[in-house]
Amino acid sequence: MNKLYFGDNLDVLRDHIDQESVDLIYLDPPFNSQENYNVLFKERSGAGVGAQVEAFRDTWKWEDGAANAYEDVMRLNGDVALVLKGYRTWLHQSPMMAYLAMMGARLIEMRRTLKSNGTLYLHCDSTASHYLKILMDAIFGVESYRNELFWKRSNPKSHISTNFPTCTDTILRYSKADRVTYHQPYGDHDPEYVAKAYKYDDENGVYRLLPLLNPNDKRPNLTYEFLGVTRVWRWTKDRMRQAYESGLVVQLKPGAVPQYKKYLEDSKGRTITNCWTDIPQAAGKEALGYPTQKPVALLKRIISASSNPGDVVLDPFCGCGTTVEAAEQLDRQWIGIDVTHYAVTLIEKRLQKIGLTRDKYTVMGRPTTIGDAHELGCRSGSGWNLKVA
């Protein structure tokens with residue numbers, strides 16, 4: 001299954017990715033930041049060494065590509081067409097409208113490829129996250145919204161500004177149906193929290209005491225007297241007695257409400273919430289020099305939470321291949337798509353470094369000259385040069 005496509009992801013999605021064939025989609029598209037990032041590369045012959053080709057361009061114009069994408073969505077009708085039409089009435093043929101039209105057409109195709117229990121993670125920032133949220137609600141359904149995740153990517157440099165410095169990205173999480181693959185992630189406990197909460201110990205280890213009271217006070221079957229205290233308990237009387245006899249339920253003094261022991265070694269760890277402050281930006285040997293490169297740890301968390309070993313992970317904006325590497329390390333099958341020759345070549349080198357030989361994956365659609373690569377990158381007509389993830 002492992003495939004790396006060179007081409008416009010809209011074409012690849014439509015022509016090569018089957019309906020309901022993907023378990024997890026992560027995309028880190030351009031944010032419409034109006035920034036240009038250039039890299040140098042050359043043909044194998046050595047020609048064009050001094051030519052600077054845009055491998056990352058996050059600028060937008062209302063041209064043929066955006067207009068065609070808009071018309072594609074209009075032909076589908078439904079909620080998404082209604083939302084996109086409203087955007088155009090308000091935004092007219094602005095760069096933001098071009099961006100949303102291009103994204104809308106692609107997100108529709110991604111939903112088509114997603115399995116019924118699959119999940120999509122859309123990585124963005126405050127530039128367009130509010131527009132994309134409404135667009136996603138229309139495509140997937142309001143009821144399919146799962147989370148708005150916040151990733152603290154850095155500590156911003158101090159500088160004089162009229163705005164608070166931004167240090168977070170937004171990741172919108174949507175499922176295709178109510179039944180969805182999900183594994184709650186956990187992190188290491190904060191040592192200060194452990195020292196404060198787990199303040200008891202016995203021969204079995206360090207533990208904390210937790211309440212046994214039931215939050216529902218209208219449970220007559222769980223209302224009984226235990227150790228001289230009558231309450232509505234979480235457990236049945238038999239279970240409570242067994243836990244007490246095994247030393248897991250304690251009463252600190254006569255008349256006190258009994259509590260149960262939670263040993264540190266039985267804790268899964270710190271529950272990961274929707275606010276991710278524990279994953280720093282790619283640095284050191286992992287950093288490849290791209291300002292938008294995402295750390296492998298970020299993608300590993302997403303892939304581990306919403307897929308199983310052997311599942312298919314798709315990144316339609318795969319850039320420098322962080323998703324591909326994380327999927328490979330976690331024993332998932334993967335599909336990556338990018339429109340730049342530089343990105344595809346870089347991903348191959350990255351896979352080679354982690355020991356994946358060329359016979360373990362397929363590269364499709366690669367042009368043979370730099371001119372062909374540049375032409376392909378311009379076909380969408382709206383500056384659709386893909387973001388490096």
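Residues numbered from 1 in each chain as written. Predicted model: local features only at pLDDT ≥ 70, side-chain atom pairs only at ≥ 80, totals over all residues. Heavy atoms only, no water.

Let us now look at the environment of Met110. Assignment of secondary structure puts Met110 in helix α4 (residues 95–113). In this structure the C-alpha to C-alpha distance between Met110 and Leu120, which are 10 residues apart in sequence, comes to 8.4 Å. Not counting residues up to four positions away in its chain, the partners in contact with Met110 are Leu13, Ile25, Leu27, Leu120, Pro316 and Phe317. (Helix = DSSP H or I, 4+ residues; strand = E, 2+ residues; numbered from the N terminus. Contact = heavy atoms within 4.5 Å.)

Strand order in the open sheet made by the nine strands is β16-β6-β7-β5-β2-β17-β18-β1-β19, with mixed pairing throughout. Every other strand in the sheet has two partners, leaving β16 (275–276) and β19 (362–364) as the edge strands with one partner each. Relative to strand β7 (residues 168–175), strand β5 (residues 114–124) runs antiparallel, the two being bridged by six bridges. Bridge pairing in β7 links Tyr121 to Arg173. Strands in contact with helix α10 (residues 341–353) are β1 (3–6), β18 (333–338) and β19; relative to β1, the strand with the most contacts, it is inclined by about 160°. (Pairing = 2+ DSSP bridges. Axes fitted to C-alpha atoms, helices over the stretch in contact; angles between N-to-C directions.)

What follows concerns the state of the cysteines. Taken as a whole and assessed by the stated rule, the structure comprises zero disulfides. With no disulfide of its own, Cys167 lies 9.0 Å from the sulfur of Cys275, the closest cysteine sulfur. In this structure Cys167 comes out as buried when scored by relative accessible area, which is 19%. According to the relative accessible area criterion, Cys275 is partly exposed, its value standing at 45%. (Disulfide = S-S within 2.5 Å. Buried < 20%, exposed > 50% of the residue type's maximum accessible area, 1.4 Å probe, protein only.)

Formed by 50 residues in total, the largest nonpolar core has its most connected members in Leu27, Leu100, Leu107, Leu120 and Leu132. Leaving out residues up to four positions away in the same chain, Leu120 has contacts with Ile25, Leu27, Leu107, Met110, Leu114, Met136, Phe140, Leu172, Arg173 and Tyr174. Counting 29 residues, the second largest nonpolar core, distinct from the first, contains Leu24, Val324, Leu351 and Leu356. (Core = buried A, V, L, I, M, F, W, Y, C linked by side-chain atoms within 4.5 Å.)

By the definition in use, this model includes 17 salt bridges. In this structure, Asp23 engages Lys115 in a salt bridge whose closest nitrogen and oxygen atoms are separated by 3.2 Å. With Asp23 in strand β2 (residues 22–27) and Lys115 in strand β5, this pair connects stretches of sequence that are 92 residues apart. A salt bridge links Arg241 to Asp238; its shortest N-O distance comes to 3.5 Å. Here the residue Arg241 and the residue Asp238 both occupy positions in helix α7 (residues 237–245), the gap between them amounting to three residues, near one helical turn. Accessibility expressed as a relative area gives 37% for Arg241, which makes it partly exposed. Connected via shared salt-bridge partners are Arg14, Asp72, Arg75, Glu109 and Arg112. (Salt bridge = Lys/Arg side-chain N within 4 Å of Asp/Glu carboxyl O.)

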